[in-house]
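Residue-level structure breakdown
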Amino acid sequence: MIRIQGVSTIQGKITNLSIQSDEETIIDGAGLTIMPAVIDPHVHFRTPGMEYKEDWRTGAKAAIRGGCTTVFDMPNTKPPTITANLLHEKKAIIDRQLNEAAIPLRYQLFFGADKHHLAEIAKTKTAAIGIKVFMGCSTGNLVIDDDESLHAVFSIAAKENMIVAVHAEDEHLIRERKATYSGENSYAAHSHLRNVEVATRAVEKAIGLARQYGTRLYILHVSSAEEIALIKAAKQEKLPVFAETTPHHLFFDTSAYGRLAGKAVVNPPLRDEKHREALFTAIHEKVIDTIGSDHAPHTLEEKAQPYGECPSGMPGIEFMLPLLLNAYHAGLITLPEVVSLTSQRAREIFAITNENDWVIVDLNKKAKVSSTQSKCGWTPYQDLMLQGWPVYTVLKNTCYKLFV
Ligand code: DOR
Ligand code: ZN
């Protein structure tokens, strides 16, 4: 038995945690705080086909270091996860990689909606956590850009009681705006090309479809005040609409291009500062339900390419919780809100049964972000001084001691 003694709950109650184990260890938990382990509902661990950017051996280590024991992985792999067979094959590869890493990370997979494989959706009803719809192109070429297929996906999902997770950026508007921005070589142009209207147009359409078919809708990486207004209205209407934001949209804005250059390029893009405030307000008002890291690693060489060739996305799973704990110290968010965002709401929305996994954090620990477990080898949060770090992650009765 591993006993962590005298640890505090977020309400300040002192408690002990006993973990089934062959070893007999007593850990002094004085000054430490216990929270449910993080569920990250949005990662791209790049398997199969892009394992040079990340795989489940490195991804699992990064997750554990971030206090995370459950991830939901996205289907824009090579090949994309667009048939039931591909979904099962992907699971087998992941299980092998996790076995090699000796980390039994919990995971779920999103199934990728594709207009030529709509009949596959129902076959994945129990095997997938939900259906991912790219309403606009991002990394890879998964996209649903015609209304007929979009209606079909929402209708099938409602019938099968599957949740639809949308990357809400309007492909037609992106294409139109690409013409205006062609030849643009500053990374910051990305935020103008994929402007707020690109996102709101898609969010509006997705909410309309959720209303029409009664589909449960999960809106990924909400980044702007305007999307929040639409989601707030949908919730007031009692539609089954849920919203996620990301650490990079909470903690970065367009001023980051100066420092991070191509590393700051992400879809949806970073927004002007005022949107960050709107995101925090939306968390307080429970319009935003969850935070997903949208962990999307690319190599440094790829991210150093000029605008237009530089792929979108940045890693994030490892530092999402420390960033939130640091924001707690800055008075931006409460600890119950952190728990709600990082595990409680995901558990409710996706019907995840109680897992008995924990993260034990040292709220007082101050350290700079200095290294990463991600295979891509970089983090946009490099050298940031943060207060509040996970020190133990407990997954299926294994207690991982973490070093910052
Ligand atoms: O920036 C992004 N990167 N947005 C996405 O939607 C996909 C992701 C990736 O897979 O690289
Ligand atoms: Zn993503």
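In what follows, the structure referred to is the one given above.
Because the structure is predicted, anything quoted here is derived from the model rather than measured. (Residues numbered from 1 in each chain as written. Chains lettered and ligands numbered in written order. Predicted model: local features only at pLDDT ≥ 70, side-chain atom pairs only at ≥ 80, totals over all residues. Heavy atoms only, no water.)

**Focus on the packing of helix α1 (residues 56-65) against helix α2 (residues 84-101)**
Which entries qualify depends on this criterion: Where helices are involved, their axes are fitted lines through C-alpha atoms of the stretch in contact, as for all axes, and angles between N-to-C directions lie from 0 to 180°. To qualify as a helix, a DSSP run of H or I must reach at least 4 residues; to qualify as a strand, a run of E must reach at least 2; elements of each kind are numbered from the N terminus. Convention used here: angles under 35 degrees read as roughly parallel, angles over 145 as roughly antiparallel, angles from 65 to 115 as roughly perpendicular, and any remaining angle as oblique. The hand of a helix crossing depends on one turn: near helix anticlockwise from the far one by less than a right angle means left-handed, and clockwise means right-handed. Contacts were defined at the residue level, with two residues in contact if any of their heavy atoms lie within 4.5 Å. All residues other than Ala, Val, Leu, Ile, Met, Phe, Trp, Tyr, Cys, Pro, Asp, Glu, Lys and Arg, Gly among them, are scored as polar; the first ten of these are nonpolar and the last four charged.
Orientation of α1 relative to α2, taken along the N-to-C sense of each, is 60 degrees, at an axis distance of 8 Å. Considering their axes alone, α1 and α2 lie oblique with respect to each other. As for the relative orientation of α1 and α2, their crossing is right-handed in sense. Across the interface between the two elements, Trp56, Arg57 and Ala60 from α1 touch Ile94, Gln97, Leu98, Glu100 and Ala101 from α2. Here the contact of α1 with α2 is built from residues that sort into 5 nonpolar, 1 polar and 2 charged.

**A closer look at the packing of helix α12 (residues 320-329) against helix α13 (residues 335-349)**
Here α12 crosses α13 at 155 degrees, and the two axes come no closer than 10 Å. Taken together, the axis directions place α12 and α13 in an arrangement best described as roughly antiparallel. Of the two elements, α12 crosses α13, and the hand of that crossing is right-handed. Taken together, the residues of α13 that come into contact with α12 (itself represented by Leu321, Leu324, Leu325 and Tyr328) are Leu335, Val338, Leu341 and Thr342. Residues belonging to the contact of α12 with α13 are distributed by class as follows: 7 nonpolar, 1 polar and no charged.

**Quick word on α12**
Cut-off, in case you're wondering: Relative accessibility under 20% of the residue-type maximum defines a buried residue, over 50% an exposed one, and the middle range a partly exposed one, all with a 1.4 Å probe and only protein chains included.
Where burial is concerned, most of α12 is hidden: 7 out of the 10 residues are buried. Immediately beyond the C-terminal end of α12, within one or two residues, lies Gly331, with a positive phi of roughly 80 degrees.

**What to know about helix α10 (residues 274-284)**
Here α10 has its buried residues at His275, Ala278, Leu279, Phe280, Ala282 and Ile283. As for α10, its buried residues are in contact with α6 (196-213), α7 (225-236), β11 (241-245), α8 (247-251) and α13. Directly beyond the C-terminal end of α10, a positive phi value near 60 degrees is found at Lys286.

**Notes on the environment of Glu318**
The line we're drawing: Definition of a polar contact: a pair of N or O atoms within 3.5 Å, with one able to donate and the other able to accept a hydrogen when the atoms are protein atoms, and with sequence-neighbouring residues admitted only if both atoms are side-chain atoms.
Structurally, the position occupied by Glu318 is in the loop between α11 (300-303) and α12. Each C-alpha atom, one on Glu318 and one on Gly59, is 9.1 Å from the other, the two residues being 259 residues apart in sequence. For Glu318, the side chain forms a polar contact with the main-chain nitrogen of Gln373, separated by 3.1 Å.

**So, the coordination of the zinc ion (ligand 2)**
Our working rule: Coordination here is defined by N, O and S atoms within 2.8 Å of the metal (3.2 Å for Na, K and Ca), and since water is not considered, a site can look incomplete.
With distances of 2.0 to 2.2 Å, the protein atoms coordinating the zinc ion (ligand 2) are His42 (NE2), His44 (NE2) and Asp294 (OD). Within one chain, the residues serving as donors to the zinc ion (ligand 2) are arranged as H-x1-H-x249-D. Here His42 is found in strand β5 (residues 38-43), whereas its partner Asp294 is found in the loop between β12 (290-291) and α11, with 252 residues between them in sequence. Of the residues examined, His42 reaches a relative accessible area of 0% and is grouped as buried.

Coordinates in, geometry out; function isn't part of it.
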